[in-house]
Amino acid sequence: MTTEVRRHSHVPPAQRRQPVTSYRIQLSPDFDFADVERIIPYLSALGITDIFFSPILQAAPGSNHGYDVVDHEQISVDLGGIDGFRRVSEAIHDAGMHIIVDIVPNHMAVPTPLYHNRALWSLLRDGEDSRYLSWFDIELSDAGDGLLMPVLGERIGQALADATITLDEMVVPGFEHDGKTKVVRYYDHVFPIRRGTENLPLAELLDAQFYRLAHWRVANEELNYRRFFDVDTLAAIRVENPEVFRESHKLLLDLMEEGHIDAFRIDHPDGLADPREYFRNLAEATGGAWTVAEKILEGEETLPSDWPCAGTTGYDTLMRLQGLFTDPTGLPELTQFYGELSGSTDSVTSIEIKSKRQIVDTSLYAEVERLSTILANICHADVRLRDHTHRSIQEVIVELVVHMDRYRAYVVPGEKPSSEDERVLRSAAERAGRNLDEDRQDTLAVVIDLLLGNEVGSAGRTHEAARNEAIIRFQQVCGAVMAKGVEDTTFYRYTVLTSANEVGAGPHYFTTSPDDFHDFQSRLSLTWPVTMTTLSTHDTKRCEDVRARIAPIAQYTDEWLEMLVKARDIVSSDRPSGLDGQSENLLWQTLLGTWTPEGPISLERLEAYLLKASREQKSWTTWTEQNEEAERGLVEYAKAILESEAADLLQAFAERSSAAARTHILAQKAIQMTCIGVPDIYNGEEITQTSLVDPDNRRAVDYEGLEQMLTKLDRDGLPSSPSLDTEKLWVTSRLARLRRDNPGIASADCGYEPLPVSTGRALAFARTLNDQPVLVTAAMRNLPDHSGDYTIVLPDGHWRNVLTDTTIEGGNQPLADVLGRFPAAVLERVHD
């Protein structure tokens, strides 16, 4: 890619903001715009240049995250409304900082009561006469008995017999101009009534609506609208429709035009019909504003180069950084122990396939069935394809979906697929074919041609609407199955070393060599130089520090396994006879990952996590079929561990591995803050945390305490025996300020150059401007706990360690002298 193309495609133009260091704020009714105003001085002192807001549009009642938008025309009143946002924006900009806002283009909430989503209420009341007819991803004329609303706690016949579905009369909020109107009520649920049907008997009235009330279990088999993954309460919208794009983005774009918003993060673009077209529309509407995509890349997969955005939200960097600090030598023993404990001999690939099959058979069955029906109708309508039956097509689709090795391809109807997209689909077809009877091979070939937009069957039908829809639906289904089958199932089953089980990473990618990291950084420098990087987000399965405490298990494997034998023996009488071994392995590693010098996290937090993790695992309990006795047994076992001498053994191991954890925590932060891209700091992660998967990672942050810590550090300097929290805050603040004072580090002009170190146990690189090194980062990895007798070759010149304020000359230097008191050093050039 040429520099000229790169600058036009992936770097914002000069008139648009280029973020330098961002800080993610998790907004909620308990931490709103006014609360953000109060911490602006702290964030400014920390060195932050860009404050990154979670979604700010009006969300469903009680939302604590904002991704369940109900109204695109209103800033959340729960956060302070439009006036509150303008005030906090002005205060942030007055402090010399800027704002990044999270956009949710893929879906809206199906709230309770429904009238909070005026667009959906209008559609269900007025049907094809609604101005919102084109908003939602459904063809109302094809919806059979109506848009499925699976909200009943019993079958509808029983609900009618019990009179739990009733008619009521009310002034509907948002529709006050209609005065009092009749509505359908089911406990807290309220639904509109189609005009002209108000006086029908209840059963006939329900049958006449544009929606169908149904038992919640019906959703998995008959849902007729596209969701966010398998969440019934998040209905997909058609942002590919120009009117929907315009109206759903107008308020945020107006606020950008007013100067209140500077950049955007885009949530889940893989759910969109055409992500590339979306980013093109957004780039045009924003004048090329810096925008990053929450895109999960698998392995060596890269972001499509024709997306006009700045890059990803950083999971690709997270995967490499996590791997840098994981020792490969302990993995065989850990894998063997996991197999003995769990009784599983399945590889991670095998578990992924089984997990995705389970998802296809259960929570996403309706999506697969819908796609199969579209393809079956295409074949039935073409005499040359008519012998490919619905059943054969469905079998093929299931195999293709479960054998996709990434979230989706990006085939665009009417365009010749890229060589990479064709390779991805044909590779999946090759794997799928091994599981299909010979009779299904012809059907597989036809389906692949249809999904690639090739000429197949009768001539001249390539661009028919149904074929185009099949191409889009297949890619959307693949992403949902991947997310639910891998992130939300496999990661809770294959628990060899759970620090690797992270969004955008996973147990296929336990380790990263220094050479691999250098290669990755060099590619980013040429292609996505101002992408975002991250170590923790609201979506990570565990925060960066929890992963850093778990990863040393691979370094001290013999000691870990010896400790487990003793600890498990101590609590053997408390271990439930049927305890799942995968869950038990997860439990022990979670205890270590959340163990600090103050001890373990509260039993309340641990219990909430274990229940969520177990239900996500979907092996012995699920969200819909909860095995309460087994769940209670797991929680009681955890409690027994914490109340026995087993806790002392965990404490001892945590102390034994603490130096390695410290190296991981501080060194990865130093690398993240100085490598290619815009580093994002998540919601309190400037000190160490014990946060697990959401909602645990949305707990309140003690900003008053953080501000006091930073003030004391700035006044007194780093103490001789600091806590790890103090050290992490020191590293984060010094490097954030360095970036703020030298914004060229974050620019596309700042290159990357590996530096020689005499050991693979360390990593070093320089950042360059005009081909001259201006910044050097050197860091120990997981082995050993100290820097040994190793050397590093620094670029010529005089260098100052930003973290210790010591100076050193260029050339061949002892690594220990360069690092000083920290496991990482960041050196800036000192000009004569």
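Placed above this text is the structure.
These numbers come from a predicted model, not from an experiment.

Concerning the side chain of D382
Move 1: As for its placement among the helices and strands, D382 is situated in the loop between α13 (365-380) and α14 (390-403).
Move 2: Residue D382 is classed as buried on the basis of its relative accessible area, which comes to 0%.
Move 3: Ignoring sequence-local partners within four residues, the contact set of D382 consists of V456, G457, S458, R461 and R467.

Observations concerning unusual backbone geometry
Move 1: Cis rather than trans, the peptide bond between T112 and P113 has omega equal to -5°.
Move 2: For K618, which is not glycine, the phi torsion reads 65° and is therefore positive.
Move 3: A relative accessible area of 15% means that K618 is categorised as buried.
Move 4: Of note, the phi angle at N683 is positive, near 35°, even though the residue is not glycine.
Move 5: One can find N683 in the loop between β18 (678-682) and α26 (703-716).
Move 6: Under the relative-accessibility criterion, N683 is labelled buried at 8%.

Notes on the sheet that holds strand β20 (residues 762-769)
Move 1: Read from one edge of the open sheet, six strands run β19-β20-β21-β24-β22-β23, paired in antiparallel fashion. At either end of the open sheet lies a strand with only one pairing partner, and these are β19 (750-754) and β23 (807-814). Between one strand axis and the next, the sheet turns through 25° on average, direction left out of account.
Move 2: Sheet contacts for helix α18 (residues 514-527): β19 and β20; angle to β19, the most-contacted strand, approximately 160°.

Brief notes about the packing of helix α11 (residues 331-342) against helix α20 (residues 557-570)
Move 1: Between α11 and α20, the least distance of the axes is 10 Å, while the angle of their chain directions is 25°. As judged from the angle between their axes, α11 and α20 are roughly parallel. The handedness of the crossing between α11 and α20 is left-handed. From α11, E333, L334, F337 and L341 reach across to α20, where they touch T557, D558, W560, L561, L564 and R568.
Move 2: Taken together, the residues of the contact of α11 with α20 sort by class into six nonpolar, one polar and three charged.

Some words on the sheet that holds strand β8 (residues 165-171)
Paired through their backbone hydrogen bonds, the strands of a sheet run either parallel or antiparallel.
Move 1: Within the open sheet, the three strands sit side by side as β8-β9-β10. Their pairing is antiparallel. Lying at the two open borders of the sheet, with one neighbouring strand each, are β8 and β10 (189-191). Strand-to-strand twist of the sheet, defined as the mean angle between neighbouring strand axes without regard to direction, takes the value 40°.
Move 2: Bridge count for β8 against strand β9 (residues 180-186) is seven bridges, and the pairing is antiparallel. Bridged to I165 within β9 is Y186.

Things to note about the pattern of salt bridges
Side chains carrying opposite charge are able to pair once their charged atoms draw close together.
Move 1: The tally for this structure, following the rule as stated, stands at 66 salt bridges.
Move 2: For R434, the salt bridge identified is with E430, shortest N-O distance 3.5 Å.
Move 3: Taking the shortest distance from any N to any O, the salt bridge between R734 and D714 comes out at 2.7 Å. Taken together, the residues R734 in helix α27 (residues 724-741) and D714 in helix α26 connect sequence positions 20 residues apart.
Move 4: Look at the salt bridges and you will find they share partners, linking D270, K295, E301, D405, R406, E420, R423 and R431 into a network.

Let's talk about the side chain of D421
Move 1: Here D421 lies in helix α15 (residues 419-433).
Move 2: With no salt bridge to any partner, buried D421 finds its closest opposite charge in R406, at an N-O distance of 6.1 Å.
Move 3: Among the polar contacts listed, one links the side chain of D421 to the backbone nitrogen of Y410, at a separation of 3.1 Å.
Move 4: Residues within four places of D421 in sequence aside, it is in contact with A409, Y410 and V411.

Notes on the pairing of strand β2 (residues 50-53)
Move 1: Every second residue of β2 is oriented toward a common face, with D50 and F52 on one face and I51 and F53 on the other, all of them buried.
Move 2: Note that strand β1 (residues 22-25) and β2 share four bridges and pair parallel. Its bridge partner lying in β2, S22 is registered against D50.
Move 3: What joins β1 to β2 is helix α2 (residues 33-46), and the crossover it makes is right-handed.
Move 4: Where β2 lies against strand β5 (residues 98-103), four bridges are found, and the strand directions are parallel. Considered in β5, the bridge of F53 is made with V101.

Definitions and limits used
- Residues numbered from 1 in each chain as written.
- Predicted model: local features only at pLDDT ≥ 70, side-chain atom pairs only at ≥ 80, totals over all residues.
- Heavy atoms only, no water.
- Helix = DSSP H or I, 4+ residues; strand = E, 2+ residues; numbered from the N terminus.
- Buried < 20%, exposed > 50% of the residue type's maximum accessible area, 1.4 Å probe, protein only.
- Contact = heavy atoms within 4.5 Å.
- Pairing = 2+ DSSP bridges.
- Axes fitted to C-alpha atoms, helices over the stretch in contact; angles between N-to-C directions.
- Parallel < 35°, antiparallel > 145°, perpendicular 65-115°, else oblique.
- Left-handed = near helix turned anticlockwise from the far one by under 90°.
- Nonpolar A, V, L, I, M, F, W, Y, C, P; charged D, E, K, R; others polar.
- Salt bridge = Lys/Arg side-chain N within 4 Å of Asp/Glu carboxyl O.
- Lys, Arg positive; Asp, Glu negative; His and termini not counted.
- Polar contact = N/O pair within 3.5 Å; in protein donor to acceptor, adjacent residues only side chain to side chain.
- Right-handed = clockwise from strand over helix to strand, strands pointing away.

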